[in-house]
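Residue-level structure breakdown
Residue strings, one per chain:
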Amino acid sequence: MSRAGIQWFPGHMNKARNEIKEIMPQMDVIIEVLDARIPYSSENPMVATLREGKPVIKILNKADLADPKMTQIWKDYFEQENGVKAIAFGNDKAAEVHRINELCKKLVPHKVGADKQIKAMIMGIPNVGKSTLINVLAGRIVAKTGNEPAVTKAQQRIKLEDGIMLYDTPGMLWPKVENENSGYRLGATGAIRDTALEYEEVASYTAEYLIKAYPELLKTRYKIDELPESDWEFVELAGKKRGCIRGGNQIDTYKMSEILINELRDGIIGRITMETPQMREEEEIMVAGLRAAAAAKKQAKEDEKLQRRARARKNRR
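Computed from a prediction, not measured in an experiment: that's the story for all the values here. (Residues numbered from 1 in each chain as written. Predicted model: local features only at pLDDT ≥ 70, side-chain atom pairs only at ≥ 80, totals over all residues. Heavy atoms only, no water.)

Across its full length, the protein carries 11 helices and 8 strands. When each of the 317 residues of the protein is scored for burial, the buried share is 49%. Long-range contacts, defined as pairs at least 24 residues apart, comprise 70% of the intrachain contacts of the protein with a sequence gap of at least 6. Accessible surface for the protein amounts to roughly 16,300 Å². Of this, 48% is attributable to carbon and sulfur atoms. (Helix = DSSP H or I, 4+ residues; strand = E, 2+ residues; numbered from the N terminus. Buried < 20%, exposed > 50% of the residue type's maximum accessible area, 1.4 Å probe, protein only. Contact = heavy atoms within 4.5 Å. Areas by Shrake-Rupley, 256 points an atom, 1.4 Å probe, with all protein chains shown as cover.)

This part covers the layout of surface pockets. By volume, the second largest pocket is sized at about 450 Å³. Along the walls of the second largest pocket sit 23 residues, with Tyr40, Glu43, Asn44, Pro45 and Glu284 positioned nearest its centre. For the lining of the second largest pocket, the element with the highest residue contribution is helix H11 (residues 277–316), accounting for 4 residues. (1 Å grid on protein atoms, 1.4 Å probe; cavity = no way out; pocket = protein on both sides within 12 Å on 5 of 7 lines; lining within 4 Å. Points joined across faces, edges and corners; volume = space filled by probe spheres on them.)

What follows concerns helix H6 (residues 180–189). Of all 10 residues in H6, 9 are buried, a share of seventy percent or more. Those residues of H6 that sit buried are Asn181, Ser182, Gly183, Tyr184, Arg185, Leu186, Gly187, Ala188 and Thr189. Buried residues in H6 make contact with strand E1 (29–35), helix H7 (199–213), helix H10 (253–265) and H11. One side-chain oxygen at the N-terminal end of H6 lies 3.0 Å from the backbone nitrogen of Asn181; it belongs to Asn179. With its phi angle positive at about 95 degrees, Gly190 sits one or two positions after the end of H6. (Polar contact = N/O pair within 3.5 Å; in protein donor to acceptor, adjacent residues only side chain to side chain.)

Moving on, we get to the sheet that holds E1. Pairing within the open sheet is mixed, and its 6 strands lie in the order E3-E2-E1-E4-E6-E5. What marks the edges here is a single partner per strand, and that holds for strand E3 (84–88) and strand E5 (156–159). This sheet shows a mean twist of 25 degrees between the axes of neighbouring strands, independent of strand direction. Here strand E4 (residues 118–124) runs beside strand E6 (residues 164–168); their pairing, made up of 5 bridges, is parallel. Following the sheet pairing, Met121 is matched in E6 by Tyr167. Seen against the sheet, helix H5 (residues 130–138) touches E1, strand E2 (56–61), E4, E5 and E6 and runs at an angle of roughly 150 degrees to E4. (Pairing = 2+ DSSP bridges. Axes fitted to C-alpha atoms, helices over the stretch in contact; angles between N-to-C directions.)

Okay, the nonpolar core next. Of all hydrophobic cores here, the largest spans 85 residues; its most connected members are Ile31, Ile100, Met121, Leu166, Tyr222 and Phe234. The leading source of residues in this core is H7, at 8 residues. Among the domains, domain 1 (12–168) and domain 2 (198–266) are the pair contributing at least three residues each to this core. (Core = buried A, V, L, I, M, F, W, Y, C linked by side-chain atoms within 4.5 Å. Domains from an automatic or database assignment.)

What follows is about the UniProt feature "binding site: GTP" (unreviewed entry) in the protein. Sites flagged by UniProt as "binding site: GTP" (unreviewed entry) map to Asn61, Lys62, Ala63, Asp64, Asn127, Val128, Gly129, Lys130, Ser131, Thr132 and Gly171. Structurally, Lys62 can be placed in the loop between E2 and helix H3 (68–78). Apart from residues lying up to four places away in sequence, Lys62 is in contact with Asp35, Ala36, Arg37, Phe89, Asn127, Val128 and Gly129. Structurally, Gly129 can be placed in the loop between E4 and H5. (UniProt positions renumbered as here; feature names shortened; annotations may be inferred.)

Residues other than glycine seldom take positive phi values, yet Lys62 does so here, at roughly 60 degrees. The phi dihedral of Asn127 is positive, around 60 degrees, even though this residue is not glycine.

Moving on, we get to the pattern of salt bridges. Where charged atoms from two side chains of opposite charge come close, those side chains can pair. What the rule picks out here adds up to 18 salt bridges. A salt bridge links Glu32 to Lys58; the shortest N-O distance between them is 2.8 Å. Of this pair, Glu32 sits in strand E1 while Lys58 sits in strand E2, placing them 26 residues apart in sequence. You'll find Glu32 and Lys58 in the same group, each marked buried. (Salt bridge = Lys/Arg side-chain N within 4 Å of Asp/Glu carboxyl O.)

The next thing to look at is the pairing of E6. Extensive coverage of E6 is indicated by the burial of 5 of its 5 residues. The alternating pattern of E6 places Ile164, Leu166 and Asp168 on one face and Met165 and Tyr167 on the opposite face, and all of these are buried. Linkage of E5 to E6, two consecutive antiparallel strands, is achieved through a turn of 4 residues, within which Asp162 is found at a positive phi near 65 degrees.

Packing of H6 against H10 brings their axes to within 8 Å, and their N-to-C directions diverge by 80 degrees. Relative to H10, the element H6 is oriented roughly perpendicular. Residues Gly187, Ala188 and Thr189 of H6 pack against Ile261, Leu264 and Arg265 of H10. Counted by class, the contact of H6 with H10 contains 3 nonpolar, 2 polar and 1 charged residues. (Parallel < 35°, antiparallel > 145°, perpendicular 65-115°, else oblique. Nonpolar A, V, L, I, M, F, W, Y, C, P; charged D, E, K, R; others polar.)

Residue position: Pro25 is located in the loop between helix H1 (11–23) and E1. The class of Pro25 is exposed, set by a relative accessible area of 51%. In this structure, the C-alpha to C-alpha distance between Pro25 and Lys54, residues 29 residues apart in sequence, is 9.2 Å. Residues within four places of Pro25 in sequence aside, it is in contact with Glu52 and Lys54.

Next up, the structure:
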């Protein structure tokens, strides 16, 4: 994974973005499906750009894998924004799914009636569980599901109860993940194809966070009495405990990295949330600074180019 940020934007995603932009004015409400373990990193900034002030229901999906205390903190945080409602879904979606229809009607009451239809667009990054949620909403299999990111590649419309027409969209990442921290979290939770990752880098980042945020879960899962301070020491120690040994009695850190990431994704380590609202705000400031620095560098290059041209014209006279 590049230190400059992830760039992974298949052609169908670019096509979908243009289609979404085209039909967005017709929509009444946006349903954005997030991963409850990474509510900030699984937010697509294109949604904020494209939504045009429309009400949003943020669904913290996979909440059964996330830290329940942090999920509540994130729900409260999101709902501070005008026109935003947040709900959490775990495995038992069927018992809770009616809440989405109720929220749609509450957010756009002027569209509720016998001869009216609420148009709701459902969006989410790859592998966030959007297709599974749609099938529960529809009460039948209408969307293809899978553990690989980017399964849905085309839009479709699904008629729901209560006069709601659901517009499904492909799972989309944005053209470039500028925040390196978000890139690692997206990799750890499986939102990006594993072929686009450096497993050991992602495992190193994950271990560093878990040592600080969930030390007891790591100790219990990997049978370690005292955690080392550094992420890489942890990977090596856990690898030794798990018997990840290769030729020359060397610890196979790649194999241990795979184990750590897969056990995080499957919830085997425990219920973990990899970011907080405070982290979001700090990282937003960091990204804004990087963006401003890049813009200033680009402008300086343009100014230098103009000065060279001006000097060249002066010398020709």
